[in-house]
Amino acid sequence: MSSPIHSPQGNWWIAGVSVLEKTWIRISVVWCLILFASMIVWASYGKQNQHGPTYRVSTSEYIQKVQDFKKAGTQTEEGIIPADEHIYVAAARFSFDGFPVVLKAGKQYQVHMSSYDVQHGLSIRPEHALSKQMSLQLLPGYEWVLPMKFDEPGVYHVVCNEFCGVGHSTMHGSFIVQR
Ligand SMILES: [Cu+2]
């Protein structure tokens, strides 16, 4: 049986590039440069950048902080009502610690986050629009403090979006935001 693939004729590898192809190459190079420049502009002026301080912390220290947070807060059926504006949560294989947390809509909180073991994700998704998300990365050894304010009351689900092992898909937490 003969092959359906035929060798091209002549010296095709040194044939000139067509004008149309050259034009598209030029357009893509210019577009790449525009996008590259935009990254610098967005990093300096964009409001989407993650912010808030990060501190070095040992796992045992951070476990203690989350335990203290849980003890200081009020335990309700829905979750923990924090004693003050500081919230301590953590990810571990394969669950979140410190959740669910009951918050007041419109109030600013300082959310402390870390991981007890490996790199995890913390993706926050409102229940009425699960495809909308805010994705954060949690690293062991680092305590990241991010100011957060939930304007609308509702349930905000938290899932891990950094594959961390077999139980990854079972990791779940939630922010219960009330009026
Ligand atoms: Cu995970």
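This report concerns the structure included in the present document. Since the structure is predicted, the reported quantities are computational estimates derived from the model, not experimental observations. (Residues numbered from 1 in each chain as written. Predicted model: local features only at pLDDT ≥ 70, side-chain atom pairs only at ≥ 80, totals over all residues. Heavy atoms only, no water.)

Here the focus is the overall build of the chain. On a plain count of helices and strands, the chain comes out with 2 helices and 12 strands. Reading the helices (α) and strands (β) of the chain from amino to carboxyl end gives α-β-α-β-β-β-β-β-β-β-β-β-β-β. Overall, the chain is about 80 × 45 × 35 Å in size when its C-alpha atoms are taken along their principal axes. A buried classification covers 33% of the 179 residues belonging to the chain. Taking contacts inside the chain between residues at least 6 apart in sequence as the whole, the part at least 24 apart equals 65%. Of the roughly 11800 Å² of accessible surface on the chain, a fraction of 60% belongs to carbon and sulfur atoms. Computed over 14 positive and 14 negative side-chain charges, the inter-centroid distance for the chain is 8 Å. (Helix = DSSP H or I, 4+ residues; strand = E, 2+ residues; numbered from the N terminus. Buried < 20%, exposed > 50% of the residue type's maximum accessible area, 1.4 Å probe, protein only. Contact = heavy atoms within 4.5 Å. Areas by Shrake-Rupley, 256 points an atom, 1.4 Å probe, with all protein chains shown as cover. Lys, Arg positive; Asp, Glu negative; His and termini not counted. Charge placed at Lys NZ, Arg CZ, Asp CG, Glu CD.)

This part covers the sheet that holds strand 1 (residues 54–56). If you trace the 5 strands from one edge of the open sheet to the other, you get 1-10-7-4-5, paired in mixed fashion. Lying at the two open borders of the sheet, with one neighbouring strand each, are strand 1 and strand 5 (95–97). Strand-to-strand twist of the sheet, defined as the mean angle between neighbouring strand axes without regard to direction, takes the value 25 degrees. As judged from the 3 bridges shared by strand 1 and strand 10 (residues 142–149), these two strands associate in the antiparallel manner. Within strand 10, the position partnered with Thr54 by the bridge is Trp144. Against the sheet, helix 2 (residues 59–72) makes contact with strand 4 (86–92), strand 5, strand 7 (108–115) and strand 10, and its axis sits at roughly 130 degrees relative to strand 4, the strand it touches most. (Pairing = 2+ DSSP bridges. Axes fitted to C-alpha atoms, helices over the stretch in contact; angles between N-to-C directions.)

Overall, the coordinates contain 8 aromatic pairs when judged by the stated rule. When the ring of Phe96 is compared with that of Phe99, the centres are 5.8 Å apart and the planes differ by 90 degrees; the resulting orientation is edge-to-face. This pair shows no difference in class: Phe96 is buried, exactly as Phe99 is. An angle of 90 degrees between the planes, with centres 5.0 Å apart, marks the rings of Phe99 and Phe175 as edge-to-face. With Phe99 in the loop between strand 5 and strand 6 (101–104) and Phe175 in strand 12 (residues 172–178), the pair connects residues that are 76 residues apart, well separated along the chain. Through pairs of rings, three or more aromatic residues link up here, namely Phe96, Phe99, Phe150, Tyr156 and Phe175. (Phe/Tyr/Trp six-rings, centres within 6.5 Å; stacked < 30°, edge-to-face > 60°.)

For the rest of this paragraph, the subject is a nonpolar patch on the surface. Side chains of Val17, Ile25, Val29 and Leu33 sit close together on the surface and give an oily, nonpolar patch of about 360 Å² of accessible area. As for its placement among the helices and strands, Val29 is situated in helix 1 (residues 19–45). (Patch = residues over 30% accessible without salt bridge, like charges linked within 9 Å, V, L, I, M, F, W, Y side chains within 5 Å. Salt bridge = Lys/Arg side-chain N within 4 Å of Asp/Glu carboxyl O.)

Shape is all these values report; function is a separate question.
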